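# Secondary and tertiary structure notes
Next come the chains, spelled out residue by residue.
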Amino acid sequence: SDYYAVIGNPVAHSKSPLIHGEFSRQTGQDMRYEKILAPIGEFPTVVTEFRQHGGKGLNVTVPFKLEAFRISTHHTERADAARAVNTLVLEDEAILGDNTDGAGLVRDITANLKFSLTGKRVLLIGAGGAARGVIMPLLEYEPSILAVANRTQEKAYELQQRFSSSGNVVAIDYADLHGEQFDLVINATSASLNGELPPLPAGVFAAESLAYDMMYGNRDTPFLQFAALQGVTHFSDGVGMLVEQAAESFFLWRGVRPRTDTVIEMLRSHA
Ligand code: ATR
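Remember, predicted model here, so these are calculated numbers, not experimental data.

Reading the values: the criteria
- Counting restarts for each chain: residues are numbered from 1 in the order of the written sequence.
- In keeping with the predicted nature of the model, local features appear solely for residues at pLDDT of at least 70, side-chain atom pairs appear and are counted solely at 80 or more, and the whole-chain, interface and lining totals rest on all residues.
- The side-chain quantities take in all heavy atoms of the structure and omit both hydrogens and water.
- Throughout, an axis means a line fitted to C-alpha atoms (over the contacting stretch in the case of helices), and angles, computed between N-to-C directions, take values from 0 to 180 degrees.
- The helix count covers DSSP runs of H or I at least four residues long, the strand count covers runs of E at least two residues long, and both are numbered beginning at the N terminus.
- In this scheme, roughly parallel covers angles under 35 degrees and roughly antiparallel covers those over 145, while 65 to 115 is roughly perpendicular and the rest are oblique.
- Note: crossing handedness is left-handed where the near helix turns anticlockwise from the far helix by less than a right angle, and right-handed where it turns clockwise.
- Throughout, a contact is declared for two residues whenever any of their heavy atoms are within 4.5 Å.
- An automatic or database domain assignment supplies the start and end points of every domain.
- Summed over both partners, the accessible area lost on bringing two parts together, with a 1.4 Å probe, is the buried area.
- Just to be clear on terms, a salt bridge is a Lys or Arg side-chain nitrogen sitting within 4 Å of an Asp or Glu carboxyl oxygen.
- Only protein chains enter the accessibility calculation, which uses a 1.4 Å probe; a residue whose area is less than 20% of its type maximum is buried, one above 50% is exposed, and one in between is partly exposed.
- For this count, His and the chain ends are skipped, Lys and Arg are scored as positive, and Asp and Glu as negative.

## As for the packing of helix α1 (residues 16–27) against helix α9 (residues 239–254)
It is at 10 Å that the axes of α1 and α9 come closest, and there the two elements cross at 50°. With respect to their mutual orientation, α1 and α9 come out oblique. In this structure, α1 meets α9 at a crossing whose hand is right-handed. Only Leu 242, Val 243, Ala 246, Ala 247, Ser 249, Phe 250 and Trp 253 of α9 make contact with α1, whose side of the interface consists of Ile 19, His 20, Phe 23, Ser 24 and Thr 27.

Below, the structure written as structure tokens:
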């Protein structure tokens with residue numbers, strides 16, 4: 001059977017084997033999917049060995065997404081825009097690098113949460129790799145504005161410069177968010193991991209707004225708690241994004257689109 005894996009460091013906590021196991025069972029694909037812990041500095045070597053053992057594809061997680069971009073011999077357009085790769089397709093001679101994170105996020109927001117992005121005011125918090133990967137897919141839905149706020153302001157301005165030819169992307173300082181309201185606020189910072197909250201002012205959420213934390217495995221992050229205190233009633237952690245990005249990778253490898261709703265349910269009930 002064809003061999004796939006998720007590669008990262010750390011990787012022990014990864015839900016990807018569970019998710020892809022469900023996908024392959026459901027679609028009847030003959031494949032196996034494992035976890036690989038790559039030592040820091042040995043990512044390319046580990047990929048080469050995996051390939052020599054017949055590996056067909058990899059999901060790439062922290063901290064190797066930039067290195068995965070570098071070792072890819074060609075990229076999809078969305079991976080180019082993100083400058084980061086979370087999915088490798090190991091072809092006979094070549095390595096295709098793709099990034100399915102952004103597609104996973106917009107699919108979760110539009111299809112699962114039934115939130116329409118078109119014409120909406122969207123605030124993206126953070127300007128690291130996670131934020132960069134979701135900008136183009138969000139712009140495809142033509143929000144009226146995509147504001148980007150980041151602790152280190154220069155990084156938000158860089159993203160404005162890079163993406164403003166594709167849509168209304170505007171860097172904004174946290175301090176200038178006072179008096180501004182958004183229909184969708186996405187936390188793409190790593191602040192939740194440390195139990196921290198980006199400095200959002202009260203009143204940043206419009207009525208009926210959606211608060212989305214890209215972190216998964218915790219539906220009670222400081223960001224989601226803050227949103228609840230602000231009266232927000234629509235929120236989500238990143239579990240749907242996690243399953244949807246996996247489904248995109250699965251489709252790329254196998255040409256079959258798995259069902260995601262049952263897998264999201266399963267992960268939510270295990271959390
Ligand atoms: P990732 O790949 O997860 O995006 P990253 O590239 O290290 O990781 O980016 C982390 C993001 O979280 C950055 O936008 C970072 O802000 P800075 O660019 O100013 O470092 C943001 N971040 C992390 N901790 C934060 C905190 N406590 N408050 C606000 N922003 C935070």
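## Description of the domain arrangement of the protein
According to the domain assignment, the protein contains domain 1 (2–99 + 240–270) and domain 2 (102–237). When each unit is reduced to the centre of its C-alpha atoms, the spacing between domain 1 and domain 2 is 25 Å. Each side of the interface is counted separately: domain 1 has 17 residues, and domain 2 has 19 residues. The junction of domain 1 with domain 2 conceals about 1,500 Å² of combined surface from both sides, 54% of it contributed by carbon and sulfur atoms. Three residues, Met 241, Glu 244 and Arg 268, lead the burial of domain 1 against domain 2; their summed loss comes to 40% of the area buried on that side. For the interface between domain 1 and domain 2, the tally reads two salt bridges.

## A short note on the side chain of Arg 132
Among the secondary structure elements, Arg 132 is positioned in helix α6 (residues 129–139). The side chain of Arg 132 sits in the buried core without any salt bridge; Glu 158 is the nearest counter-charge, 7.2 Å away. For Arg 132, the contacting residues outside a window of four places in its chain are Leu 66, Ala 81, Ala 82, Arg 83, Ala 84, Leu 159, Arg 162 and Phe 163.

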